[in-house]
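# Notes for the structure review
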Amino acid sequence: RRVGWGAKPVDPPIGGVWVVNPFRAMSAKPVSKGDAIDFNIETMTVEQGLHLIEQERVQPLLTYLRTGVFENRNNMTFMKAYSVVVQFGDQQQHSVKLYVYYKQVIHGYCTEAMSQLSQLSGEELLAALAQLWEKNTILVFWMQRVFQYLDRFFTKSSTEYPDLFRAALQCFTDTVYTKVKVKCVAAMVDVVNRERDGHEINQDVLRLLVEMLCTVGDSGPKVVKQKEGDRNSADRLLWQSQSRGLYKEDFEKKLLAATNDYYKSKVAGWMAAYSCPVFLQEIQRRLEDEESRLSRYLDSSSEKDLKAVVQGELILQTAKELVEMTTGAHSMFVNKRYEELKLMYRIFRREPSMLPHIISVMEPYIEQRCSAIVEDQQMIDNPPTYTERVLELKNEVDNMVATCFESDTGFQKGRNKGLEAVLNKDTRCAKYLALFSDLQLKKGLKGRNEDEVQVLVNQVVGLFAHLKDKDIFLDIYKSALSRRLLNKLSVSNDAEDCFITKLKVECGQQAIQKLASMFTDMALSDQLQEEYMRASHHGSPGGVTHEVRVLQTNAWPEKADDAPVVLCPEMLTCIRAYENFYHAKHNGRKLRWIYNMGHLEIKCHGLSRQHLLVVSTYQCLALMLFNGRQEVTLREIVEATKLPEEECKRQVMSLTVSRHKVLMHDGSGKDLALDAKLEVNNGFTSEKIKVQVSLIKKEEKATETTTLAEAPVERKHVIDAAIVRIMKSRNRLEHNALLEEVFRQCTLFKPQPTQIKSQIEHLIEREFLKRDEKNRHAYVYLP
């Protein structure tokens, strides 16, 4: 009968047949719907059908594979061959004959090719085997399309006969692969090593052979079409497998062993010939080369094991020696060769256990740099320069860790350890940093924009974070802040707020609570002053304009003097007026006046030129005595004001120095006796109308700036509170566990174990704790 498209359903749909690159000659014209197949299939025997398949389809295909020329371009041959398989494929005995013929064709082709392969070796063998694999793939693909009807029923229901793709692959494995396996794998390894030595190789060959290794031995292989490159490019036939076949067992193990030997021998030569930077560059090149090899022709499943072998020889075995070279890490740090450090880090990061080798060199380097600053006597005698140099070093190592080591946690810890080992040897850095902050907030930040202020604040607080004596810094900072606020010396309120905010983040709300309260008091005092100015006297009782700041007792470091100072009538009038105003608003509160923190402006009428003197409260009391008398002795000033003798002497002497010689005395020399007579210097003059009279510093404070700060007494109370708080929650705790908890809770300073032990003994005496009767190294809380 005449069989056409509509005569019997076929699967899959049969259209044009195209052969993949590089065998373009096999391309044929598609069959149109309705074309008839002109042969009588009903009277045909299975042997005649196989003969037809042989003549019409198999032989032209084999000829094409041998010569590259496809003689029969009419696609009708495929239709005839497929129709024969469909006709006889439903019958068991005929299906077996079709199946056996299918295997014989592939086995015969492989046997013929094997006769040529057996005499080849090296790269010639690899090229020929790759070509055979590619042609065999084409053969299997088109043979399977002709006989694919067998896979629908015959092979699917049989355990004896594997599917067509598996059968074809088994033929190739038995006929070709098992016989050339040893020579092939050895040649492939040699070619890979040749490429490592810089020689050009045929990567396409290796890629095909790797595909072969990943396919042979697989339980469910199949050949598929895949586009290469863009949409207009030719298709490529390739095998898809469910596993990696014999790739790992036959090839990867030998490749890894050869790779290990290759780099072991190379490293020995490089170590003797190269400097550390050159060695690192070679390692980086080799690592990139191996990664490229994985993407070019090796299977991706080899990535983990191959990298482990390569990095083991190039990094694990060399890292310590590289770091310790004369041109190694220490030289790079000293000479600031940051690009080389960056390369070393990128390489060592592949094996994180090697990074501590770099850190072990970085820590002493930072300690050495820091010690050169903090142990320099010239720096110690100049606190601002000392602090600037430490901040510059901190900024330098921060940038180094960020740029060279990508802010790696291990390197941050190493940087911190190096800085803190030197900066925390004493309390000087904490003190100098607080003084530096005060200086910047009074003068240094003048004229700077917001970004520059932010940078400086971040640098100061960043260094503050490394200090173990944070409480010392905060105490000095609090005193300096008090003076800035009360004397209106701050350059910028925004800068002050920024400092407080950063400190709060670093050490918590409780630590800066008093600092925040100081700003609150200043704001409330401004409001009170505005209301006071709206009183009947307009803030000037007795004609004296004055401004008052009301401070919380516990928030400010300033304390009222206990000395019963006698004020002049003008001051008493102002004080009474303000107290009446304040008590009218706040019943039950008591005001204690801090006279030593006040300052006044006095207009002088008896001088040759009218001046406005800015003096302290105590200096004002002394000068007011000259309103009624021409001459006054120092003893009379002491008796009239009730000031302590030494303090009164310092205040008055400040008015007699050559720079601000408002008063003259009859004594000789700089010292001032109690009986020395003082009178107004009528000839006093100055370039400025407003003259700021500076106080002579107290003798005991002359060297105070450069001395070490003492630990605050409050530390004992902080430790006591921490111990009681811990024991109250735990009830019973051993000594070492209690020490660890106290260390954890004391965030503003690092208490010494002996200090904690001493406070524990005091708490036992005060019956807050007792020793456990069964274990003398444990403590029990007493409620």
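This is a predicted model, so every value here is computed, not measured.

## A short note on the overall build of the protein chain
- From N to C terminus, the protein chain includes 29 helices and 11 strands.
- In terms of C-alpha radius of gyration, the protein chain reaches 48 Å, well past the compact-globule figure of 28 Å for 783 residues.
- Here the C-alpha coordinates of the protein chain stretch approximately 150 × 70 × 65 Å along the principal axes.
- A sequence separation of at least 24 residues applies to 73% of the contacts in the protein chain between residues at least 6 apart.
- When the accessible surface of the protein chain is totalled, it reaches about 40300 Å², and 48% of it is carbon and sulfur.
- In the protein chain, which carries 107 positive and 105 negative side-chain charges, the distance between the mean positions of the two groups comes to 2 Å.

## Considering the pairing of strand E4 (residues 611-616)
- Where burial is concerned, most of E4 is hidden: 5 out of the 6 residues are buried.
- Here strand E3 (residues 599-604) hands over to E4 after 6 residues, the two strands then running antiparallel side by side.
- Inspection of the sheet shows E4 paired to strand E8 (residues 690-692) by 3 bridges, in the parallel sense. Bridge pairing in E8 links Leu-612 to Lys-690.

## Overview of helix H2 (residues 76-88)
- A rise of 1.5 Å per residue sets the reference length of H2, with its 13 residues, at 18 Å; its end C-alpha atoms lie 19 Å apart and thus fit the reference within 8%.
- Burial analysis of H2 places 12 of its 13 residues in the buried class, which makes it a mostly covered element.
- Residues of H2 that are buried: Met-76, Thr-77, Phe-78, Met-79, Lys-80, Ala-81, Tyr-82, Ser-83, Val-84, Val-85, Val-86 and Phe-88.
- The inward-facing, buried residues of H2 abut helix H1 (46-67), helix H3 (92-117), helix H4 (122-147) and helix H5 (149-152).

## Comments concerning the sheet that holds E3
- The strand order across the open sheet built from 3 strands is E3-E4-E8, with neighbouring strands paired in mixed fashion. Each having just a single partner strand, E3 and E8 make up the two edges of the open sheet. Put simply, the sheet's adjacent strands are angled 25 degrees from each other on average, direction ignored.
- In this structure, E3 lies alongside E4, joined through 6 bridges in antiparallel fashion. Looking at E4, one finds that Ile-602 is bridged to Leu-613.

## Comments concerning the nonpolar core
- In terms of nonpolar packing, the biggest core is built from 194 residues, with Phe-147 and Phe-348 touching the most fellow members.
- Among the nonpolar cores identified, the runner-up in size contains 33 residues, and Val-565, Met-653, Leu-655 and Val-691 belong to it.

## Describing the packing of aromatic side chains
- Applying the stated criterion across every chain, the model contains 29 aromatic pairs.
- Aromatic side chains Phe-165 and Trp-239 sit 6.1 Å apart centroid to centroid with 75 degrees between the ring planes, which places their arrangement in the edge-to-face category. Of this pair, Phe-165 sits in helix H6 (residues 164-196) while Trp-239 sits in strand E2 (residues 235-240), placing them 74 residues apart in sequence. In terms of burial, Phe-165 and Trp-239 fall into one category: buried.
- Ring geometry for Tyr-578 and Tyr-582: centres 6.5 Å apart, planes at 15 degrees, overall stacked. Taken together, the positions of Tyr-578 and Tyr-582, both in helix H23 (residues 569-585) and 4 residues apart, correspond to about one turn of that helix.

## Focus: the pattern of salt bridges
- Scanning all chains against the criterion turns up 48 salt bridges.
- With its nearest N and O atoms 2.9 Å apart, the salt bridge here joins Arg-293 to Glu-195. Here Glu-195 lies in helix H6 and Arg-293 lies in helix H9 (residues 276-296), a separation of 98 residues in the sequence.
- With a relative accessible area of 12%, Glu-195 lands in the buried category.

## Some points on the confidence of the model for the protein chain
- Mean pLDDT over the protein chain works out to 86, with 91% of the residues at or above the 70 mark.
- Scored below 50 in pLDDT, residues 1-34 makes 81 contacts in the model with residues more than four places away or belonging to other chains.

## Looking at the environment of Val-85
- Relative to the elements of secondary structure, Val-85 occurs in helix H2.
- Using a relative accessible area of 0% as the deciding quantity, one classes Val-85 as buried.
- Distance in space between the C-alpha atoms of Val-85 and Val-146 is 7.4 Å, their sequence separation being 61 residues.

## Comments concerning a negative patch on the surface
- Together, Glu-450, Asp-451, Glu-452, Asp-494 and Asp-497 make up a negatively charged patch on the protein surface.
- Those elements giving two or more residues to the negative patch turn out to be helix H19 (450-464) and helix H21 (493-507).
- Considering every element that reaches the negative patch, the biggest residue donor is H19, with 3 residues.
- With respect to the helices and strands, Glu-450 occurs in helix H19.

Parameters at a glance
- Residues numbered from 1 in each chain as written.
- Predicted model: local features only at pLDDT ≥ 70, side-chain atom pairs only at ≥ 80, totals over all residues.
- Heavy atoms only, no water.
- Helix = DSSP H or I, 4+ residues; strand = E, 2+ residues; numbered from the N terminus.
- Rg over C-alpha atoms; globule rule 2.2 N^0.38 Å.
- Contact = heavy atoms within 4.5 Å.
- Areas by Shrake-Rupley, 256 points an atom, 1.4 Å probe, with all protein chains shown as cover.
- Lys, Arg positive; Asp, Glu negative; His and termini not counted.
- Charge placed at Lys NZ, Arg CZ, Asp CG, Glu CD.
- Buried < 20%, exposed > 50% of the residue type's maximum accessible area, 1.4 Å probe, protein only.
- Pairing = 2+ DSSP bridges.
- Expected span 1.5 Å × (residues − 1).
- Axes fitted to C-alpha atoms, helices over the stretch in contact; angles between N-to-C directions.
- Core = buried A, V, L, I, M, F, W, Y, C linked by side-chain atoms within 4.5 Å.
- Phe/Tyr/Trp six-rings, centres within 6.5 Å; stacked < 30°, edge-to-face > 60°.
- Salt bridge = Lys/Arg side-chain N within 4 Å of Asp/Glu carboxyl O.
- pLDDT = per-residue confidence, 0-100.
- Patch = residues over 30% accessible without salt bridge, like charges linked within 9 Å, V, L, I, M, F, W, Y side chains within 5 Å.

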